[in-house]
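Secondary and tertiary structure notes
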Amino acid sequence: MSDALRQLPQVQALLETPGVAALAERYSRPETVDALRAALAEIRDALRTGALERPPSFAGDAFADAVAERIEAGRRANLRGAINATGIIIHTNLGRAPLAPEALEAIQAVAAGYSNLEMDLETGERGSRYTHVETLICELTGADAAIVVNNCAAAVLLSLTALASGRDVVASRGELIEIGGSFRLPDVIRQSGARLVEVGATNKTKRADYEQAIGEETAVLLKSHTSNFRIVGFTAAPSRADLSALARERGLVLVEDLGSGVLIDLSEHGLPDEPVVGDILKAGVDLVMFSGDKLLGGPQAGIIAGREDVVGRLRKHPMLRAMRIDKLSLAALEATLRLYRPPHDPLQCIPVLQALSAPVETVEARASKLAELLNQDGACAAAIAPSTAHAGGGALPQHGVASFVVKLGAVALPPDRLAAQLRQADPPVVARIADGEVQLDMRAVRDEDCAAIRDAVRGALRA
Ligand SMILES: *Cc1c(COP(=O)(O)O)cnc(C)c1O
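Before going into details, it helps to say that this report is about the structure given with it. (Residues numbered from 1 in each chain as written. Predicted model: local features only at pLDDT ≥ 70, side-chain atom pairs only at ≥ 80, totals over all residues. Heavy atoms only, no water.)

1. A few points about the pattern of salt bridges
Here is the rule we go by: The salt bridge definition used is simple: a Lys or Arg side-chain nitrogen within 4 Å of an Asp or Glu carboxyl oxygen. Accessibility here uses a 1.4 Å probe with only protein chains present; expressed as a share of the type maximum, an area under 20% marks a residue as buried, one over 50% as exposed, and anything in between as partly exposed.
Here the structure, examined in full by the defined rule, presents 31 salt bridges. Two residues, Glu-118 and Arg-126, come together in a salt bridge whose shortest N-O distance is 2.7 Å. For Glu-118, a relative accessible area of 24% gives the class partly exposed. Salt-bridge contacts for Arg-454 lead to Asp-455; the nearest nitrogen and oxygen are separated by 3.0 Å. Relative accessible area serves as the criterion here: at 17%, Arg-454 is assigned to the buried category.

2. Points about the packing of helix α8 (residues 152–164) against helix α13 (residues 308–315)
What counts, and what does not: What counts as an axis is a line fitted to C-alpha atoms, over the stretch in contact for a helix, and the angles between N-to-C directions run from 0 to 180 degrees. Under the DSSP-based scheme used, a helix requires at least four consecutive residues in state H or I and a strand at least two consecutive residues in state E, with every element numbered from the N terminus. Roughly parallel means an angle under 35 degrees; roughly antiparallel, over 145; roughly perpendicular, 65 to 115; everything else is oblique. What makes two residues a contact is simply this: any of their non-hydrogen atoms within 4.5 Å. Here the term charged refers only to Asp, Glu, Lys and Arg, the term nonpolar to Ala, Val, Leu, Ile, Met, Phe, Trp, Tyr, Cys and Pro, and the term polar to all other amino acids, Gly among them.
Closest axis-to-axis distance for the α8/α13 pair is 9 Å, and the angle between their directions is 100°. For the element pair α8 / α13, the angle class is roughly perpendicular. Contacts between α8 and α13 involve Leu-158, Ser-159, Ala-162 and Leu-163 from the first element and Val-310, Arg-313 and Leu-314 from the second. Its residues assigned to classes, the contact of α8 with α13 shows 5 nonpolar, 1 polar and 1 charged.

3. Observations concerning the packing of aromatic side chains
Here is the rule: When two rings of Phe, Tyr or Trp (its six-membered ring) have centres within 6.5 Å they constitute a pair, described as stacked for plane angles under 30 degrees, edge-to-face for angles over 60, and tilted for the intermediate range. Only when the NZ atom of a Lys or the CZ atom of an Arg is both within 6 Å of the ring centre and within 35 degrees of the ring normal do we say a charge sits over the ring.
Applying the stated criterion across every chain yields a total of 1 aromatic pair. With a centroid separation of 4.9 Å and 75° between ring planes, the pair formed by Phe-58 and Phe-63 is classed as edge-to-face. The positively charged end of Lys-204 is found above the aromatic ring belonging to Phe-234, 3.8 Å away from the centroid.

4. A short note on the site of the ligand
Basically, it comes down to this: Residues are classed as near a molecule or strand on a simple rule: at least one heavy atom within 4 Å of it. We define a polar contact as two N or O atoms separated by no more than 3.5 Å, with the added condition that, inside protein, one atom must be a possible hydrogen donor and the other a possible acceptor, whereas residues neighbouring each other in sequence contribute only through side-chain atom pairs. Note on areas: these come from Shrake-Rupley sampling with a 1.4 Å probe, and a residue is covered only by the protein chains present in the view.
Taken together, the neighbourhood of the ligand is formed by 14 residues, with Arg-96, Ser-227, Asp-257, Ser-291 and Lys-294 sitting nearest. The separation between an oxygen atom of the ligand and a polar side-chain atom of Arg-96 is 2.8 Å. Between the ligand and the protein, one listed contact pairs an oxygen atom with a side-chain N or O atom of Ser-291 at 2.6 Å. For the ligand, whose unbound accessible area comes to 390 Å², protein coverage reaches 94%. The set of elements that each furnish at least two residues to the shell around the ligand consists of α8 and β9 (253–260). Looking at the shell around the ligand, the element that brings in the most residues is β9, giving 3 residues. Partitioned by chemical class, the residues of the shell around the ligand number 6 nonpolar, 5 polar and 3 charged.

5. Topic: the sheet that holds strand β8 (residues 218–224)
Where we set the bar: At least two bridges found by DSSP between two strands are what make those strands a pair.
One open sheet holds the 7 strands; their spatial order is β3-β11-β10-β9-β8-β4-β7, and the pairing between them is mixed. Looking at the sheet topology across the chains shown, the edges are occupied by β3 (145–149) and β7 (195–199). Each strand of the sheet is rotated relative to its neighbour by a mean of 25°, with strand direction disregarded. As paired elements, β8 and β9 share 5 bridges and run parallel to each other. In the strand pairing of β9, Ser-224 is matched with Asp-257. Docked against the sheet, α8 engages β3, β4 (168–172), β8, β9, β10 (287–291) and β11 (302–306), running at close to 160° with respect to β10.

6. Observations concerning the packing of helix α7 (residues 131–141) against helix α15 (residues 327–338)
Operational definition: Handedness of a crossing follows from how the near helix is turned relative to the far one, being left-handed for an anticlockwise turn of less than a right angle and right-handed for a clockwise one.
Taken N-terminus to C-terminus, the directions of α7 and α15 make an angle of 30°; their axes are 10 Å apart at the nearest point. Between α7 and α15, the angle falls in the class roughly parallel. The handedness of the crossing between α7 and α15 comes out as left-handed. For the pair α7 and α15, the contacting residues are His-132, Val-133, Leu-136, Ile-137 and Leu-140 in the first and Leu-330, Leu-333, Glu-334, Leu-337 and Arg-338 in the second.

Shown next as structure tokens:
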């Protein structure tokens, strides 16, 4: 074995073999050298562990082809499309919401050339980027005014900075949430320059608790949607209408960090009751913030909607400029919001809502189709089984959505290795491991992805 190791050729010598020399010519010398080093390191490891008994032939086409494949892999975009077979529909690590075709077209139209991003085409004067979506947001939520920033975290920070810097923000102990990615509400309040005044207990907070905490320095009553967990049992919290009445009496602003913003009533479609933005504003909340890429199903964005005078204070704040939404997201957001207007049916044309609301029979049919494709190969024994998918993205935390998985059984690879190989495919396939096997949840997979999954499984089992 150590002989075999010693006999491995040097990178320099390999560069002079015709096959590899052609690669240096076709690609570049540095890329070829890197790929050769990596290939040699892998061979060395395999010889050491005994996975390989003797070195491969370095002169043949097979070695040069393998090096070429490495170079190609290195040239692929780092950030690329992936197939989400995790069963988590709004998966933050996988880019949250896929966009509707209409949103993609809008991006294309704005990105390829110039646009009227900040120009009023009637007067030819400078315009505001926010006007492109403000009317739509107001129409869909009943708000008087709206602005949009780059995500909901920014929306919360901007709102609290503009409304409460140097003053007190009163919030319930039951709602001091962490969203993940180190977004903790108490920290964000501190960053805004406001002081947090906690009231109530983890499970119970009453109107009187807020009332007693209000003082000379209070500027904001803050409500936040406990979007990614639930406290159940012996619980109480004042209604939005109660808090709104209190805010009005004391001249304060009632702000709600909603996170996952829903524009339509999902409970009418067999999904759980999530607060609808329009209802929250109707109940008297002055300002509500929510994400563009959670249940709304659009691009990353932080939407702020509410009373004209309150939004006006945010509009004038210098921090808005540092958080402004870019034109591509704005184009996608406008197009997505338009899909909430008749005659469109958002459940049919917004991908996250479609994935969430599709009948389980549709998902089962997709699973059967993939299992059939996989079994044609005979490389593994694919079988389908019922499963539970989740909305993800800090939305509907307790609500499982009936789904189907394709289980990849009877394969030689251990499940973590197989899952890792699937992630290395092009496009990557992200599966889940359960009950000691790799399972592909089909709820967030598109029909047209099945062939790519079959190829990825094939490749993984061959590797
Ligand atoms: C997700 C979430 C946020 C952060 O939203 P981003 O768009 O990811 O910045 C803030 N607040 C709540 C309640 C959330 O659920």
